[in-house]
Structures are given as C-alpha cells and as structure tokens.
Amino acid sequence: MPRSDSAAPTADRRALADSSDEPGPVAGAGGAPAKGAAGGAATIERYERMVLIRELETESERQYKAARIGGYCHLSSGQEAITVAAAEALRSDDLLVTGYRSHGFALARGVPPEAVMAELFGRRSGCARGRGGSMHLLDVERGYYGGWGIVAGQLPIATGLALGLVRQGRPDAVLCELGDGAVNMGAWHEALNLAALWDLPVVFLVINNGYGMGTSVERASAEPELWRRASAFRMHGERVDGDELGASLEACERLLERARSERLPAVLEAVTYRYRGHSVADAGLAYRTKDEVATRRERDPIARVRRELLAGGLAEAQLDAADERARAVVEAACAFAEADPEPDVTELAAGMHAPGSAQQFARMLPGSPLDERELVFAGGLGS
Amino acid sequence: MTMLADAPAGRTPIETASMTYREALRMALREELAADERVFIMGEEVGVFDGAYKVTAGLLAEFGADRVRDTPISEEGFVGAGVGAAMLGERPVVEIMTLNFLLVAMDQVVNHAAKIGAMFGGQLRCPLVIRTPNGAGNQLTAQHSQSFDQYFAHVPGMKVVAPASATDAKGLLKSAIRDDDPVLVLENLRLYTEKGDVPLDPSHTTPIGLAHVAREGSDLTIVSHSYATVRARQVAERLSAEHGVEVEVVDLRSLRPLDVETVAASVSKTGRALCVEEGWATYGVGAELAARIQHACFDDLDAPVERLGMAEVPLPYAKNLETAALPNAGRIERAVLRMLGLAR
C-alpha cells in the first residue's frame with residue numbers, strides 16, 4: 001500500500017477552501033424546499049430500502065416486547081431518508097462509523113438483514129457473533145467499523161480511521177454518524193479539532209432528531225444550529241432536511257467527494273425526527289406531545305418518496321409490491337434469527353485477544369477467580 | 001530469542017550495551033519505526049520539543065512529521081485517533097506525557113480500545129500502544145504523582161506491562177508494538193536515568209506475560225514492578241549485608257497478563273510474600289497478588305501475605321512528607337524484618 005505524507009500542515013488551504021465566517025448553505029431545513037435537491041431522487045429501489053428499515057425497526061420493537069431481543073434497543077423510524085442517502089453516497093471502500101441507533105445504517109450499508117436480526121436476537125450468526133447486540137453492529141467487509149455505545153466515543157475513532165486512510169494512501173473517506181446529543185461532549189470538540197488540524201477525510205453526519213434522549217436540542221445546546229459549530233474549527237458545516245431524500249443524497253455525495261478529493265472534513269447536520277422513544281423502553285411522550293409526533297409524521301420521508309413515485313407514474317401496486325418484499329425480507333430475517341443457534345458458551349472469550357495471546361496468559365491461571373479456567377482460559381482466550 | 005532474553009545477566013551470550021532506560025526506550029522506538037512502516041508515534045511534544053521526557057528525542061529529524069506526529073493537548077482525541085488508526089491496521093504508539101493525563105482519555109482506553117476484540121466477535125483488532133510514565137518522588141504533588149496501574153490492569157481486553165530495567169524497557173516496548181492487542185506500557189519518571197545492559201539485536205524482545213526473578217533469595221519474596229523493583233533490590237542487598245537475610249525479588253514486568261506461576265514458585269520456596277507497589281495498595285496490584293498467592297501457596301505460607309504501597313493520601317508537596325508517604329527503602333526494610341520476626 002503506498003504511503004503518503006499525512007503530516008503537512010495546511011492551515012492556509014483550510015482558510016482558502018472554506019470561509020467559515022459565511023453561514024453554510026441550509027438546504028431545505030425545516031421543511032422548506034430543498035435547495036439544489038437532486039431531482040428524481042425518488043426511485044423504487046431507494047423506496048424499498050427505506051421501507052425495509054421501517055419494517056425491521058417495527059419488527060424489532062415487536063420482538064423486543066416478546067422478549068426475543070434484549071438490552072437497549074434504539075429505533076430510527078422516521079430517519080430513513082438521510083440514512084439511505086448517506087449509505088448510498090458512500091463508495092464501497094469508504095468507511096462508516098455510527099453511534100448506537102444503527103439498525104438502519106447497517107441495513108442501508110448492505111449488512112444482510114438476517115445478520116442484523118440474528119445479532120439482535122443474540123445468536124451465533126449475528127454480524128457481531130452475538131457479542132454486540134443492537135448497539136454494536138458491524139460489517140468489516142463492507143467497511144462498517146461499528147456501532148458504538150458511548151455518546152461521541154466514535155468521533156475520535158472516526159478521526160483515527162481517516163488518519164489511517166491517509167497514512168495508507170487510500171483515496172477514501174469516513175462517514176461518522178452521531179446524534180444531536182453528541183455535540184456537547186468533549187470528544188466532539190477534540191475529534192473535530194484534530195480532523196481539521198490534520199486535514200482528514202471525514203464527514204461528521206449529525207442526525208438531529210430533535211432530542212438527545214428526552215432533552216431537546218434547544219434545552220441542551222447553547223448553539224442549537226448544530227452545523228454552525230463547525231466554524232469553531234474552520235471546518236465547513238451545513239444543514240440539510242434529512243427527511244428530503246434528494247437533498248440529503250446531494251449533500252452527502254458532495255461532502256464525501258470533497259473529503260476524498262481535497263482531504264477536507266465537514267459537518268453535515270441532518271434535521272429529522274424519530275417517531276419512537278429514545279429506546280423501546282421509552283414511550284417518548286414525557287418530553288413531547290402526541291400532537292408534535294403526529295405533525296412530524298405528516299412529513300414522513302417514506303410517504304414523501306411514495307407520493308413522488310406515484311406522481312412520476314408508478315402504480316400503487318408496484319409500491320405495494322415493494323412494501324410486501326420488504327416485509328417478507330424482515331419476516332425471513334426473523335425466521336433465520338429464531339432458528340440460528342445461540343453462541344457456544346465454550347467460546348465465551350473468543351476474539352477478546354489476538355491469536356497467540358493464550359501463551360501470554362498461560363501463567364496467569366493459578367489463583368484465578370472461580371470458574372475463570374473453564375469460562376475464559378478454556379473459552380477461547382487468545383485463540 | 002526469548003530464551004536468550006531471559007537468561008540471567010552475566011550469562012547471556014548476546015551483545016549488549018550500557019544505556020539508560022530512556023535510551024533503551026528510544027532504541028526500541030527507532031528499531032520498530034525502521035522495521036515497520038505501519039508504526040508511527042503520536043503525542044504531545046513528541047516531535048519538535050523532542051519529548052517532554054526526551055524519550056523521542058531525535059526521532060522527528062530521523063523519521064519525519066508523518067511518523068512522529070505532534071498533537072495538541074487533547075488526550076481523548078488522539079488516543080481515540082490511535083484506536084481508529086489501529087483498527088485499520090496501523091500501529092500507533094501514543095505517548096501520554098504522564099499517566100495522570102490518561103484519565104481524561106479513560107473512555108477511549110477502557111470503553112473502546114479494550115472492547116474491540118470481544119465486542120465485535122473477534123472481527124476487528126486494535127494494535128495500539130500507549131506508553132506513559134507514572135510514579136512519584138519529584139515533588140510533583142497530588143495530581144502528578146500517581147500510579148494507576150491497576151485501573152488498567154483490571155480491564156479484560158487490555159495488556160499492561162511495566163518494565164523495571166533498561167533491558168526490559170526495550171524488550172517490552174518492542175513486544176508491545178508488535179502485539180496485536182492494545183498494550184499500555186507503564187514507564188516511570190525515576191527509572192528514566194537508570195542504566196542497564198541492553199541487548200543490541202533488533203530481534204530481541206522481552207515476552208509479555210513473563211515475570212522474572214530479579215534477585216534470588218531464600219527467606220522472603222518481595223513481589224514488585226516498575227520502580228518498586230529498584231527499591232526492593234536495594235533493600236535486599238542491604239538486608240543481606242547487614243542482617244544476613246536473603247530476600248528474593250520477583251519483578252512482575254507484566255501486570256496483565258500476570259505471571260502468577262513465577263510468583264507462586266518463589267513464595268512456595270520462601271514461605272513469605274511482601275507485595276510492594278508505588279501506588280495505593282487498597283484494591284491494588286498487591287491485593288490481587290495476595291489473593292492469588294494465598295490460593296496457589298496455601299500450604300507453603302509461613303506468614304500472612306503483606307502489602308506495602310504509597311500512604312493512602314493525595315501525595316503532599318513538602319519533601320519530607322512525600323518521602324514519608326512513598327514505599328521508601330526504610331519502610332520496605334522494616335516490613336521485611338517484621339515479617340521475619342526480626343523487628344517489631
């Protein structure tokens with residue numbers, strides 16, 4: 001792999017490339033018509049992908065309530081347009097990192113629904129082999145380097161992945177998804193500063209769904225226009241209507257291309273809404289009204305695309321057939337997960353350490369806590 | 001290779017040179033930078049400033065700013081960047097100016113780096129090295145004199161090593177850089193100037209997970225690591241000369257994995273174990289050792305396992321108070337004599 005100089009300081013280039021004193025474009029925020037929205041973004045394939053995410057989330061909630069899915073389970077229903085757009089803007093060699101509301105991103109990136117559902121069920125064929133669950137989906141082959149569970153923890157890691165890309169001379173970029181709650185963490189500040197300082201190819205995609213758990217953006221952020229915060233790092237920032245597929249796609253493609261070709265990081269704030277609570281355990285009504293949810297549902301991204309497709313000449317039956325296909329995929333994923341065996345307890349420690357580590361740990365056994373021998377030392381430690 | 005590494009000093013057939021612990025670390029870094037282009041150094045003042053403690057002195061000039069990367073004061077950011085780069089197959093060696101500052105990056109170490117192997121089902125690895133000096137004794141006071149060794153050695157998924165000699169400083173740092181898991185290398189401020197015979201062969205390493213007997217003895221075993229091993233050896237020599245007491249010193253070298261076998265073999269021989277550490281003993285390395293020793297050596301113990309560490313106060317500034325609080329030679333000597341019934 002060719003190496004390249006990743007150390008050259010280019011503050012001048014940053015200043016020239018992007019005047020952060022000027023407000024970034026605000027494409028279609030707040031339901032206004034998308035500025036520069038790619039016409040004809042609505043396609044039956046994208047529609048079906050969005051429906052698949054909605055269906056899988058709906059089914060996940062059902063399975064959680066039936067106790068087949070445990071732990072935390074954060075649903076993204078309502079956020080399908082920006083999710084599908086962001087994943088589509090990624091090239092196959094680009095990298096994706098997300099927070100914990102990640103089912104949609106995993107599906108959109110192409111992780112097989114069976115592998116996602118098996119992971120949610122805690123089964124052997126899950127994409128994290130039953131070790132990660134809802135928050136820690138991944139697919140290394142598809143460049144999905146993890147769903148991460150600590151708010152903003154994935155941001156420094158995304159910066160490091162981008163540094164790795166540059167060091168390896170790769171022409172690819174990193175897309176780092178985060179929620180609106182993450183922008184008030186120190187890790188946000190540190191990761192963006194390093195990304196800008198070192199000219200790293202990373203786009204920070206802020207999914208602003210209005211609430212960090214139950215605290216609204218207005219109650220959490222002194223600057224609630226989150227994209228503006230990029231200016232503190234002389235980084236390009238902009239806001240897009242994340243429920244508008246065309247505008248979202250255009251913005252993601254443009255910023256990722258800019259990251260790849262010019263090594264310039266950016267913040268893209270996508271304004272959207274989550275219909276369900278913070279997690280399945282949250283009814284989502286203590287901090288917002290039913291009316292608010294109902295009003296936002298009127299802007300539903302899937303319904304929008306459906307209307308556009310109908311207006312473009314597709315028949316109801318074609319769209320209904322797409323709905324049916326998505327439902328069938330989710331049903332099959334559930335059946336697969338249900339039939340998939342649980343992970344083997346004799347492999348409890350598998351993967352924790354690199355191959356060869358067993359020898360390093362061999363002399364640690366005497367006096368170990370009870371059952372360590374059986375569960376950990378014999379359970380795949382370092383194998 | 002490792003057989004040679006563990007040959008007792010004086011009997012080793014390999015070529016060595018006398019140098020300080022600091023120089024040995026630098027030699028390890030230089031060799032690994034030269035051998036593997038994936039290796040790069042990142043941290044505060046590692047480049048232009050030549051390193052806050054001069055470990056990386058000269059490396060910027062030799063390898064360039066891409067391999068020796070200065071960072072802002074931003075530990076959470078650049079430790080996390082190290083995690084990300086490591087996940088992509090790079091081999092970052094992150095310097096933290098002192099262990100005290102690693103606390104602000106604790107989340108990246110404990111909740112990210114250490115989790116990657118297991119949480120993602122073994123599909124990703126994190127070959128990250130964090131190297132940092134710990135310890136007290138320079139009147140650096142409460143916030144800059146700490147030994148948090150056990151905080152990190154507590155965490156499954158981590159490896160933690162703590163060389164006590166120049167030889168092992170080179171050997172363990174090289175092993176850490178070549179390891180495919182996150183490894184914390186605990187250096188020590190007072191060890192930087194300690195000299196030792198360091199193997200010059202670039203293929204020489206000290207294996208992770210292997211303790212060694214730093215001094216042989218028959219009456220009592222001191223188990224220690226890092227600078228406490230230097231203290232223990234000095235006390236052992238004095239006790240031998242002045243009291244005819246022969247103390248065996250087991251230098252742990254690695255804290256996780258912990259070589260309990262070497263410790264247990266020694267304690268079974270001497271019947272007495274004193275665990276000495278630079279940091280606070282409660283919930284500490286000695287506490288872990290005591291639990292394992294009492295289990296592994298139950299029938300061989302002639303006395304309760306004892307622990308000795310820094311007095312459990314935030315370390316004060318005044319020199320006399322600092323000295324009194326540290327596990328100094330006088331305290332170690334008194335502990336040994338008491339355990340042998342030679343003092344009250």
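Residues numbered from 1 in each chain as written. Chains lettered and ligands numbered in written order. Predicted model: local features only at pLDDT ≥ 70, side-chain atom pairs only at ≥ 80, totals over all residues. Heavy atoms only, no water.

On to the overall build of chain A. Within chain A, the secondary structure is distributed over 14 helices and 9 strands. Here chain A, with 383 residues, has 57% of them falling under the buried criterion. Nonlocal contacts in chain A, meaning residues at least 24 apart in sequence, comprise 75% of its contacts between residues at least 6 apart. Within the structure as shown, chain A displays about 15,000 Å² of accessible surface, and the carbon and sulfur contribution to it stands at 52%. (Helix = DSSP H or I, 4+ residues; strand = E, 2+ residues; numbered from the N terminus. Buried < 20%, exposed > 50% of the residue type's maximum accessible area, 1.4 Å probe, protein only. Contact = heavy atoms within 4.5 Å. Areas by Shrake-Rupley, 256 points an atom, 1.4 Å probe, with all protein chains shown as cover.)

Let us now look at the overall build of chain B. Regarding its fold elements, chain B presents 13 helices and 14 strands. The C-alpha radius of gyration computed for chain B amounts to 20 Å, which stays within 12% of the reference 20 Å derived for 344 residues, consistent with globular compactness. Taking the principal axes of its C-alpha atoms as reference, chain B extends roughly 60 × 45 × 40 Å. Taken over 344 residues, chain B has a buried fraction of 62%. (Rg over C-alpha atoms; globule rule 2.2 N^0.38 Å.)

Let us look at the pairing of strand β4 (residues 91-95) of chain B. Residues and elements named next belong to chain B. By the criterion of burial, β4 is predominantly enclosed, with 5 of the 5 residues buried. Burial along β4 is two-sided: Arg91, Val93 and Glu95 facing one way and Pro92 and Val94 facing the other are all buried. Where strand β2 (residues 39-43) meets β4, 5 bridges bridge the pair, whose relative direction is parallel. Along β4, the bridge assignment pairs Gly43 with Glu95. Where β4 and strand β5 (residues 129-134) come together, 3 bridges link them in parallel fashion. In the strand pairing of β5, Val93 is matched with Val129. (Pairing = 2+ DSSP bridges.)

Take helix α8 (residues 166-178) of chain B next. Residue and element names in this part refer to chain B. Taking 1.5 Å per residue, 13 residues should reach 18 Å; α8 reaches 19 Å between its end C-alpha atoms and fits that length. The buried fraction of α8 is high, at 11 of 13 residues. If you check which residues of α8 are buried, you get Ala166, Asp168, Ala169, Lys170, Gly171, Leu172, Leu173, Lys174, Ser175, Ala176 and Ile177. (Expected span 1.5 Å × (residues − 1).)

Turning our eyes to something else, we now look at the nonpolar core. One finds Phe204 of chain A together with Leu102 of chain B to be the most contacted residues of the largest nonpolar core, which totals 96 residues. Non-local contacts of Leu102 of chain B, meaning those with residues more than four positions away in its chain, are made with Val79, Ile96, Val109, Ile130, Phe152 and Leu184 of chain B. With 62 residues, the next largest nonpolar core counts Ile69, Phe121, Leu249 and Leu255 of chain A among its residues. (Core = buried A, V, L, I, M, F, W, Y, C linked by side-chain atoms within 4.5 Å.)

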